[in-house]
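In case you want the letters, here they are:
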Amino acid sequence: MMLDLAREFSRRGHQVEFCLMQASGEFLAGAQLEFAVVDLAAARTRILAIPLARYLRRRKPDAVIANMWPLTSAAVIGRALSQHRCRLILVEHNTLSRQYASWGRRHAWSMGASMATTHRFADVVAAVSTGAAEDTARLARLPNSRVEALYNPIPQRPRPGPRAMEIADALWNCPPGDRILTVGSLKDQKNHSLLLRAFARTPGTRSRLMLLGQGENEGILRAVASDLGISDRIIFAGFHRDPSPFYATADLFVLSSDYEGFGNVIVEALACGCPVVSTDCPSGPAEILENGRFGRLVPVGDAEALAVAISEALAAEHDRELLRRRAEDFSPERAADKYLALLFPHGFSAANQR
């Protein structure tokens, strides 16, 4: 997401650098090809503020975008230590009270205390949806009006080439018409076991469900599929850097999450003209789908309702061009407009901004 946003900033003439707590990750090589990447080599978040302060004093950027607590809190402290006055925007990417709900009261207290102590000193506090913004405001003890909603930038990717489509078709190993796709890490938040239970309730045996992603719950999910007697209809496709061929060859995309910060995968599906069914989880899906105008929403945790919505969506006619146009509302161009207006509220000269 930040690479897509950085490309749009760069296209407009801004100089962009990535400053990482640790230089690692799936997209590092791609970032290094296009942008300067600084490795702060901080082993723990609690020591991040000092190397970040050194970076700010040395490079003197005009603006900093800090993503995801606790890095957001560390960025406020780092800027204070640096004594370099740059515009600072903090962006939270999930409903943190839900994300860390199982970590216990002590962690919840420390998270809230750190956000309440630091976030008020940022120039802008934001989150990736209205629901996530309200959650952030609650945790940071700020008025809702103080926290902006900044939707994630999701680019319109080129239509997959013939070879990519052939590979996707081979993995489906079934004719079009009943191909159901979900994309995301195989972790508790995504509640794939709910999707498996709903899929088992759909009539017929021709349909296939593909799980595109990898994660700690794969073994558990395989066991659930076996217990439900649907193993032969489930495709564990693993991680694919570009999921576009799978959206393009699917007949329906389903998100079964208990909660989301935004729901990038919904926009990615819409961009390919793929119909969507999603749980109405906090937060993101209802905002993207406009409370059901662009896709079906069902209650969180309700396998029967999800099964009915899947069956109805597969049988319905869909205006795929309308879905594609909705996805354009979340383009990097529109996201950059909002970011830049917040970063440089008094205007800017792109050639002089870093």
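Numbering of residues begins from 1 in every chain and follows the order in which that chain's sequence is written. Two thresholds apply to this predicted model, a pLDDT of at least 70 for residue-level local features and 80 or more for giving and counting side-chain atom pairs, whereas whole-chain, interface and lining totals are computed over all residues. Computation of side-chain values covers all heavy atoms of the structure but excludes hydrogens and water.

**What about the overall build of the chain?**
For step 1, the next point in the chain: Looking only at helices and strands, one finds 16 helices and twelve strands in the chain.
For step 2, the next point in the chain: For a compact globule of 354 residues, the expected C-alpha radius of gyration is about 20 Å, and the chain comes in at 21 Å, within 12% of that figure.
For step 3, the next point in the chain: The dimensions of the chain, computed from C-alpha atoms along their principal axes, are 65 × 45 × 35 Å.
For step 4, the next point in the chain: Throughout, exposure labels follow a simple rule: accessible area from a 1.4 Å probe, protein chains only, divided by the maximum for the residue type, with under 20% read as buried, over 50% as exposed, and the rest as partly exposed. Taken over 354 residues, the chain has a buried fraction of 52%.
For step 5, the next point in the chain: Contacts are residue-level and defined by heavy atoms, with any inter-residue pair within 4.5 Å sufficient. For the chain, the proportion of contacts with a sequence separation of at least 24, taken over those separated by at least 6, is 67%.
For step 6, the next point in the chain: A total of about 16600 Å² of accessible surface is found on the chain, and carbon and sulfur atoms cover 50% of it.
For step 7, the next point in the chain: Neither His nor the chain termini are counted; the positive set is Lys and Arg, and the negative set is Asp and Glu. A single reference atom marks each charge: NZ on Lys, CZ on Arg, CG on Asp, CD on Glu. With 42 positive and 38 negative side-chain charges, the chain shows a spacing of 8 Å between the two charge centroids. Comment: elements are numbered from the N terminus, with helices defined as DSSP H or I runs of at least four residues and strands as E runs of at least two. The atom set for the radius of gyration is the C-alpha atoms, and the globule formula is 2.2 Å times the number of residues raised to the power 0.38. Per-residue and other accessible areas were derived by the Shrake-Rupley procedure at a 1.4 Å probe size, with only the shown protein chains allowed to occlude residues.

**Notes on the packing of aromatic side chains**
For step 1, the next point in the chain: Any two of the Phe, Tyr and Trp rings considered here, Trp counted by its six-membered ring, make a pair once their centres fall within 6.5 Å; the pair's planes then place it as stacked at under 30 degrees, edge-to-face at over 60, or tilted in between. In total, this model carries eight aromatic pairs according to the counting rule given.
For step 2, the next point in the chain: Judged by centre distance (5.4 Å) and plane angle (75 degrees), the rings of Tyr151 and Phe330 are edge-to-face. A residue pair is termed long-range when its members are at least 10 positions apart, and Tyr151 in the loop between β6 (147-149) and α8 (162-172) and Phe330 in the loop between α15 (320-327) and α16 (332-343) qualify at 179 residues.
For step 3, the next point in the chain: Under the relative-accessibility criterion, Tyr151 is labelled partly exposed at 30%.
For step 4, the next point in the chain: What makes Phe330 buried here is its relative accessible area of 3%.
For step 5, the next point in the chain: Taken together, a centroid distance of 5.7 Å and an interplanar angle of 65 degrees make the contact between Phe262 and Phe330 edge-to-face. Of the two residues, Phe262 is situated in the loop between β10 (252-255) and α12 (264-271) and Phe330 in the loop between α15 and α16; the sequence distance between them amounts to 68 residues. When sorted by exposure, Phe262 lands in the same class as Phe330, which is buried.
For step 6, the next point in the chain: Clustering of aromatic rings is evident, with ring pairs tying together Trp69, Tyr100 and Trp103.

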